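# Secondary and tertiary structure notes
The lines below spell out each chain.
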Protein chains: 2
Amino acid sequence: MNILFLHAHYEKKSFNSALKDLAVEHFESKGHTVKVKDLYEMNFNPVPARSDFKTQVNTEYFSYLKEQMHAFLNDSFSDEIKAEMDDVLWADMLVFNFPLWWSTTPAILKGWLDKVLAIGFSYHPRDKHYETGILKGKKAFCCVTCGGSEEAYSKSGEHGDILDILHHLNHGTLNYCGISVYPPFLSWRAHLMPPEVLEKYLADYKIYLENLDKTEFLY
Amino acid sequence: MNILFLHAHYEKKSFNSALKDLAVEHFESKGHTVKVKDLYEMNFNPVPARSDFKTQVNTEYFSYLKEQMHAFLNDSFSDEIKAEMDDVLWADMLVFNFPLWWSTTPAILKGWLDKVLAIGFSYHPRDKHYETGILKGKKAFCCVTCGGSEEAYSKSGEHGDILDILHHLNHGTLNYCGISVYPPFLSWRAHLMPPEVLEKYLADYKIYLENLDKTEFLY
């Protein structure tokens, strides 16, 4: 299986990066082919711009959506965006590895979603989304380090259920493109935890990964 | 009242920008003082970096959260971040004007939230959030142009209730900082609508704005 990591943590010594490293090692040890996109290291630019397209459908009025559709139909995405899309097409599974910032992805990963999962390429709102999403057949999961406690992210917690909070990403984004999404792997308050708790999280992640192909999809 | 707009659409002739213009005109006609931050025009950089801080607490290990806390305690945010914070402090009300991209804000606005609503400045996870959030007393609302239909964003729609989808922003972000949040103003599929529907949306927004101070907060 080809596995693409989208990694959005700037610190290689972080616990978040350790989770990524563990998963990469796990998948490689099982014989899978892994590619890691370290978005900070790549200096990925999350801001949409005309330079994302080699030709323009309208130079007077900038509609990113219309330019995306035009670029898809004319194979005229910038080399940078095209390379990302080629990696998505290559992958059988995508792993989104990020810290939860304001209940969602950091901006650098949000921009990757905005720019790479383009209309035409990954979905069409008319007839190619969810069950008929263009990336159907691919799988994905999120590995998320949450700064708050598990209790705070429970149904009765102050933030609400983490699965409801991540619904916009797991369902409204990834599954919208047709991708089958596993439940996320979550860790809590890692930045405040002693080494033994971090070791436990890593051990739990190992078990999560071992059981992944027997796990039911969330969407 | 001082009103700060965070505007995240690159096209000045867009319907999204027309909504922003209408609201600015409305508030100014009522005697309020308005400041508009056009994030694309400002070339706002949404990616966190060491350059967001004038001094560093740890040059070996980059924790954005720890650097934010240090910068808050030592008044050492970069001039760019500091200017944004000063505007937030100046404002009695914040208006977030953006198109819904993948069920949340475009990356440029997400980065503004990540970088400007810093720990210490707008919240502290221990004892200064929600009811005790540091920005308590301020108000906010979102004006969101949604590419999908109202039906698709209803409880039984394919995406689910738009208020649930925006919960992570209205509740988990703005209200977390103590800000009281009005229900959002929403428009649907504007890019596909004839002029008379767009006119109707603008008229509805005018009514929304007229009634705002009699409107109950969502959070």
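Residues numbered from 1 in each chain as written. Chains lettered and ligands numbered in written order. Predicted model: local features only at pLDDT ≥ 70, side-chain atom pairs only at ≥ 80, totals over all residues.

What follows concerns the overall build of chain A. Summing up its helical and strand segments, chain A has seven helices and six strands in all. From first element to last, N terminus to C terminus, chain A shows the α and β order β-α-β-α-α-β-α-β-α-α-β-β-α. At 18 Å, chain A has a C-alpha radius of gyration in line with the 17 Å of a compact globule built from 219 residues. Here chain A holds 219 residues, and the buried ones make up 43% of them. A separation threshold of at least 6 residues defines the contact pool for chain A, and within that pool the share at least 24 residues apart is 77%. (Helix = DSSP H or I, 4+ residues; strand = E, 2+ residues; numbered from the N terminus. Rg over C-alpha atoms; globule rule 2.2 N^0.38 Å. Buried ≥ 20, exposed ≤ 12 C-beta atoms within 10 Å, placed from the backbone. Contact = placed C-beta atoms within 7 Å.)

Here we come to the packing of helix 1 (residues 15–29) of chain B against helix 7 (residues 195–210) of chain B. Any two packed helices are characterised by the angle at which their axes cross and by the distance between the axes. Residues and elements named next belong to chain B. Packing of helix 1 against helix 7 brings their axes to within 10 Å, and their N-to-C directions diverge by 35°. Taken as a pair, helix 1 and helix 7 cross one another with a handedness that is right-handed. In this structure, helix 1 contributes Phe15, Ala18, Leu19, Leu22, Ala23 and His26 to the contact, and helix 7 contributes Leu198, Leu202, Tyr205, Lys206 and Leu209. Residue composition of the contact of helix 1 with helix 7, by class: nine nonpolar, one polar and one charged. (Axes fitted to C-alpha atoms, helices over the stretch in contact; angles between N-to-C directions. Left-handed = near helix turned anticlockwise from the far one by under 90°. Nonpolar A, V, L, I, M, F, W, Y, C, P; charged D, E, K, R; others polar.)

Before going further, it helps to spend a moment on the relation of the copies chain A and chain B. Expressed as a screw transformation, the operator carrying chain A onto chain B has a rotation angle of 180° and an axial translation of 0.0 Å, and the superposed copies differ by an RMSD of 0.0 Å. Between the two chains, the operation in question is that of a two-fold axis. Rotation axis and chain A: the residue whose C-alpha lies nearest the axis is Ala107(A), separated from it by 2.4 Å. When the interface residues of chain A are mapped onto chain B, 100% of them are again interface residues, pointing to one common binding face. (Least-squares fit on C-alpha atoms with pLDDT ≥ 70 in both.)

What follows is about the nonpolar core. One finds Leu6(A), Val95(A), Leu109(A), Leu6(B), Val95(B) and Leu109(B) to be the most contacted residues of the largest nonpolar core, which totals 110 residues. Those residues within four positions of Val95(A) in sequence are excluded, and the remaining contacts are Ile3(A), Phe5(A), Ala23(A), Phe141(A) and Cys143(A). (Core = buried A, V, L, I, M, F, W, Y, C linked by C-beta atoms within 7 Å.)

This part covers the pairing of strand 2 (residues 33–38) of chain A. Both faces of the sheet carry side chains from a regular strand, because those side chains alternate between them. Residue and element names in this part refer to chain A. Strand direction decides the pairing type here: strand 1 (residues 2–7) and strand 2, joined by six bridges, are parallel. What sits directly across from leucine 4, in strand 2, is lysine 35. Viewed along the sheet, the connection from strand 1 through helix 1 (residues 15–29) into strand 2 turns out right-handed. (Pairing = 2+ DSSP bridges. Right-handed = clockwise from strand over helix to strand, strands pointing away.)

All names here are of chain B. Relative to the helices and strands, aspartate 87 is located in helix 3 (residues 79–90). Accessibility expressed as a C-beta count within 10 Å gives 16 for aspartate 87, which makes it partly exposed. C-alpha of aspartate 87 to C-alpha of glutamate 216: the two residues are 129 residues apart in sequence and 25 Å apart in space. The contact partners of aspartate 87, leaving out residues within four places of it in the chain, are Leu4, Lys35 and Lys37.

The next subject is the interface of chain A and chain B. Contacts between the two partners involve 33 residues from chain A, matched on the other side by 33 residues from chain B. Those elements that place two or more of their residues in the side of chain A that touches chain B are helix 4 (107–116) and helix 6 (167–174) of chain A. For the side of chain A that touches chain B, the leading source of residues is helix 4 of chain A, giving six residues. Partitioned by chemical class, the residues of the side of chain A that touches chain B number 15 nonpolar, 13 polar and five charged.

Right, let's get into helix 4 of chain A. Buried residues dominate helix 4 of chain A, accounting for ten of its ten residues. The set of residues buried in helix 4 of chain A consists of Ala107(A), Ile108(A), Leu109(A), Lys110(A), Gly111(A), Trp112(A), Leu113(A), Asp114(A), Lys115(A) and Val116(A). Elements that come into contact with the buried residues of helix 4 of chain A comprise strand 1, helix 3 (79–90), strand 3 (93–99) and helix 6 of chain A together with helix 4 (107–116) of chain B.

As a further point, take the confidence of the model for chain A. In the predicted model, chain A carries a mean pLDDT of 97, and 100% of its residues have values of at least 70. Here the complex is predicted with pTM 0.98, and the ipTM for its interfaces comes to 0.97. (pLDDT = per-residue confidence, 0-100.)

Residues and elements named next belong to chain B. The buried count for strand 3 (residues 93–99) comes to seven of seven residues, which makes it a mostly enclosed element. Across the two faces of strand 3 the burial is the same, with Met93, Val95, Asn97 and Pro99 and Leu94, Phe96 and Phe98 all buried. Pairing of strand 1 (residues 2–7) with strand 3, which is carried by five bridges, proceeds in the parallel orientation. Looking at strand 3, one finds that phenylalanine 5 is bridged to valine 95. Alignment of strand 3 against strand 4 (residues 139–146), held across seven bridges, turns out to be parallel. Bridge assignment links asparagine 97 to a residue of strand 4, and that residue is cysteine 143. Traced from strand 3 through helix 4 to strand 4, the parallel crossover comes out right-handed.

This part takes up helix 2 (residues 64–74) of chain A. Residues and elements named next belong to chain A. Of all the residues in helix 2, the buried ones are Tyr64, Glu67, Gln68 and Ala71. Viewed end-on, helix 2 has its buried residues packed into an arc of 105°, placing them on one side of the element. When the buried face of helix 2 is taken as reference, the exposed residues oriented beyond 90 degrees from it are Leu73 and Asn74. In the segment just after helix 2, aspartate 75 is the residue with positive phi, at about 50°. (Arc of directions from axis to C-beta.)

A few words on unusual backbone geometry. Phi is positive for Ser103(A), which is not a glycine, with a value near 65°. Residue placement: Ser103(A) occurs in the loop between strand 3 and helix 4. Classification of Ser103(A) as buried rests on a count of 25 C-beta atoms within 10 Å. Look at Asn43(B): it is not a glycine, yet its phi comes out positive at around 60°. Position of Asn43(B) relative to the elements: it lies in the loop between strand 2 (33–38) and helix 2 (64–74).

Residues and elements named next belong to chain B. Within the secondary structure layout, asparagine 175 lies in the loop between helix 6 (167–174) and strand 5 (180–181). With 73 residues separating them in the primary sequence, asparagine 175 and tryptophan 102 have C-alpha atoms 21 Å apart. In contact with asparagine 175, not counting residues within four places along its chain, are Tyr130, Asn170, Val181 and Tyr219.

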